[in-house]
Amino acid sequence: MGDLFLDRGNDENLIHKEIDKTLEMTRESLLKPQEKVKKRNGDKLVFVSKYNELSTQIHKICRHWYILANCNSDIPEFQQTPMPAYRRVTVQESTAPSDERPADAPQDKETESVATSPEASDLGKQEMLVQYLTDAHHFALKIEEAIDVISRMMYEPAVSVVQEVIEFFVTVSQFGVSQALLGVRRMLPLVWSKEPGVREAVIGAYRRLYLSPSRESERLQAQGLICSLSLLMVDSSTALIQCLEEIVSEFVQKGDITPQVLQLLWEKFTLKSPCSPLERQASVMLLGMMSR
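Since this is a predicted model, take the numbers as computed values, not measurements.

Moving on, we get to helix α11 (residues 196-210). Given a rise of 1.5 Å per residue, 15 residues ought to cover 21 Å, and the 21 Å separating the end C-alpha atoms of α11 matches this to within 8%. Against the buried residues of α11 lie α9 (159-174), α10 (180-186), α12 (218-233) and α13 (238-253).

Moving on, we come to the pattern of salt bridges. Following the criterion strictly, the structure yields 8 salt bridges and no others. The salt bridge partner of R207 is D256, with a shortest N-O separation of 3.0 Å. Of the two residues, R207 sits in helix α11 while D256 sits in the loop between α13 and α14 (259-269), which places them 49 residues apart along the sequence. The exposure class assigned to D256 is partly exposed, which follows from its relative accessible area of 24%. Between E267 and R219 there is a salt bridge; the shortest N-O distance is 2.8 Å. Here E267 is found in helix α14, whereas its partner R219 is found in helix α12, with 48 residues between them in sequence. By relative accessible area, which is 15% here, E267 ends up buried. A residue is classified by how much of its surface remains accessible, and R219, at 33% relative accessible area, is partly exposed. Here the salt bridges share partners, and the residues they tie into one network are D148, R152 and R186.

Moving on, we get to the side chain of S283. Within the secondary structure layout, S283 lies in helix α15 (residues 277-291). By relative accessible area, which is 1% here, S283 ends up buried. Among all residues touching S283, those that are not within four sequence positions of it are L265 and K268.

Let us look at a nonpolar patch on the surface. Judged by side-chain polarity, L181, L231, V234 and L278 come together as a nonpolar surface patch covering roughly 320 Å² of accessible area. Here V234 lies in the loop between α12 and α13.

With that settled, the discussion passes to α14. Turning to α14, its buried residues number three or more, namely V261, L264, L265, E267 and K268. For α14, the arc enclosing every buried residue in end-on projection is 160 degrees, short of the 170-degree limit, so these residues lie on one face. Looking at the packing, one finds that the buried side of α14 touches α12 and α15.

This next bit is on the packing of aromatic side chains. One pass over the full model with this rule turns up 3 aromatic pairs. Between F168 and F169 the ring centres are 5.4 Å apart and the planes differ by 80 degrees, which places this aromatic pair in the edge-to-face class. Each of the two residues, F168 as well as F169, counts as buried. A centroid spacing of 5.3 Å and a plane angle of 55 degrees characterise the contact between W266 and F269, whose relative ring orientation is tilted. Linking W266 with F269, this pair stays in helix α14, spanning 3 residues, or about one helical turn.

This part takes up the packing of α11 against α13. For any two helices packed against each other, the geometry comes down to the angle between their axes and how far apart the axes lie. Here α11 crosses α13 at 75 degrees, and the two axes come no closer than 11 Å. Taken as axis vectors, α11 and α13 run roughly perpendicular relative to one another. Between α11, through R199, V202, I203, Y206 and R207, and α13, the contact on the second element is made entirely by E246, I247, E250 and F251. Residues belonging to the contact of α11 with α13 are distributed by class as follows: 5 nonpolar, no polar and 4 charged.

Polar contacts involving the side chain of E267 include one to the side chain of R219, which spans 2.8 Å. Those residues in contact with E267 that lie beyond four places of it in its chain are R219, K272 and S273.

What follows is about the nonpolar core. The biggest cluster of nonpolar side chains holds 51 residues, and the ones touching the most others in it are F169, V202, Y206, Y210, L244 and V261. Residues in contact with V261, not counting those within four places in the same chain, are A222, L225, I226 and M290.

For the rest of this paragraph, the subject is the packing of α12 against α15. Between α12 and α15, the least distance of the axes is 10 Å, while the angle of their chain directions is 100 degrees. The angle between the axes of α12 and α15 places the two elements in the roughly perpendicular class. Residue-level contacts link I226, L229, S230 and M233 of α12 to A282, M285, L286 and M289 of α15. When its residues are assigned to classes, the contact of α12 with α15 shows 7 nonpolar, 1 polar and no charged.

Positive phi is not limited to glycine here, since D235 has a value of about 60 degrees. With respect to the helices, strands and loops of the structure, D235 is situated in the loop between α12 and α13. Backbone geometry at L271 places phi at a positive 65 degrees, although glycine is not the residue there. Turning to its location among the elements, L271 is positioned in the loop between α14 and α15.

The residue C275 is located in the loop between α14 and α15 in this model. Setting aside its immediate chain neighbours within four residues, C275 contacts K268 and R280.

Calculation notes
Think of each chain on its own: its residues are numbered from 1, step by step along the sequence as written. For a predicted model such as this one, the threshold for reporting local features is a pLDDT of at least 70, and the threshold for listing and counting side-chain atom pairs is 80 or more; totals across whole chains, interfaces and linings nevertheless cover every residue. Side-chain measures were taken over the full set of non-hydrogen atoms in the model, leaving aside hydrogen atoms and water. The numbering of helices and of strands both runs from the N terminus, where a helix is a DSSP run of H or I of at least 4 residues and a strand a run of E of at least 2. Expected helix span is computed as 1.5 Å times (number of residues minus one). Residues are treated as being in contact if the distance between any of their heavy atoms lies within 4.5 Å. Throughout this description, the term salt bridge denotes a Lys or Arg side-chain nitrogen within 4 Å of a carboxyl oxygen of Asp or Glu. Per-residue accessibility, obtained with a 1.4 Å probe over protein chains only, is compared with the maximum for each type, and a residue is labelled buried under 20%, exposed over 50%, and partly exposed between these values. The patches reported here contain residues having more than 30% relative accessible area and no salt bridge. Joining distances are 9 Å for like charges and 5 Å for nonpolar side chains (Val, Leu, Ile, Met, Phe, Trp, Tyr). Surface accessibility follows the Shrake-Rupley procedure with a 1.4 Å probe radius. Residue values consider only the protein chains on display as shielding. Taking the helix axis as origin, the arc is that swept by the directions to the C-beta atoms. Only rings of Phe, Tyr and Trp enter the pairing, Trp through its six-membered ring, and a pair is recorded when the two centres are within 6.5 Å. The plane angle decides the type: under 30 degrees is stacked, over 60 is edge-to-face, the rest tilted. Between the N-to-C directions of two axes lies an angle of 0 to 180 degrees, each axis being a line fitted to C-alpha atoms and, for a helix, fitted only over the stretch in contact. Any angle that falls under 35 degrees is termed roughly parallel, while one over 145 is termed roughly antiparallel, one within 65 to 115 roughly perpendicular, and all others oblique. Lys, Arg, Asp and Glu make up the charged group, whereas Ala, Val, Leu, Ile, Met, Phe, Trp, Tyr, Cys and Pro make up the nonpolar group; the residues left over, Gly among them, are polar. Polar contacts here mean pairs of N or O atoms no more than 3.5 Å apart (in protein, one a potential hydrogen donor and the other a potential acceptor; neighbouring residues in sequence count only if both atoms are side-chain atoms). Take the buried Ala, Val, Leu, Ile, Met, Phe, Trp, Tyr and Cys residues and link them wherever side-chain atoms come within 4.5 Å; each set so joined is a nonpolar core.

Spelled out as structure tokens, the structure:
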């Protein structure tokens, strides 16, 4: 038996250790019924998604889950960390041609009837799709409900809590959560924080959100930056605009604002580039911030 496991590439020391452990077992201990410990994951939120390049970033949201658990003790779903899951492809496997299946795969009549029935295959796919959409919608609603609660923690006295909240809003914004702009806008006054760690976290957050390099052309990147900064100014108070001016000034000092951004702003101001009156007004304000 040990040779068989060795042939399969298992560690020799581990094999001998397990064999010795097995030989030490008595007949009575082997025949004694073992208590089964059942894992209960029924109360957990299950976020089912199709795997893609962003799936590895889900943990960035999950690691902030303790914030929701502490602030929403009356919501059972928030008391456990959500369980990420990916779509299964059992239906595709069951409909695969028989010559592609393993030789030792069971070929009972019931399995064959499911595999060869187009109606059963389509029904299974639809059920999986409905379950996936239901779970994803439920998870997204819970995240959106929590955004307002988490944004109130942005002005906690503990620096570490504020930094975690900032990181949370950067992550949900990158995932395209519709209510994320609320938290991103509430971060603006933190640029005046006396805590260096908080100020650096805020400026770093806006830099990651709006200045991250991409494969798009320089003009498209400049257009995206102008659009994002303009959205922050919509319906904002004078105090918030002054906060944004401080962040823009920091970008200018660090050389993050490219000439393409200034060129595009000037084109909007002179109407060489088609834009609405509101966009033109935002362009004038951004040019004023960058000139200071």
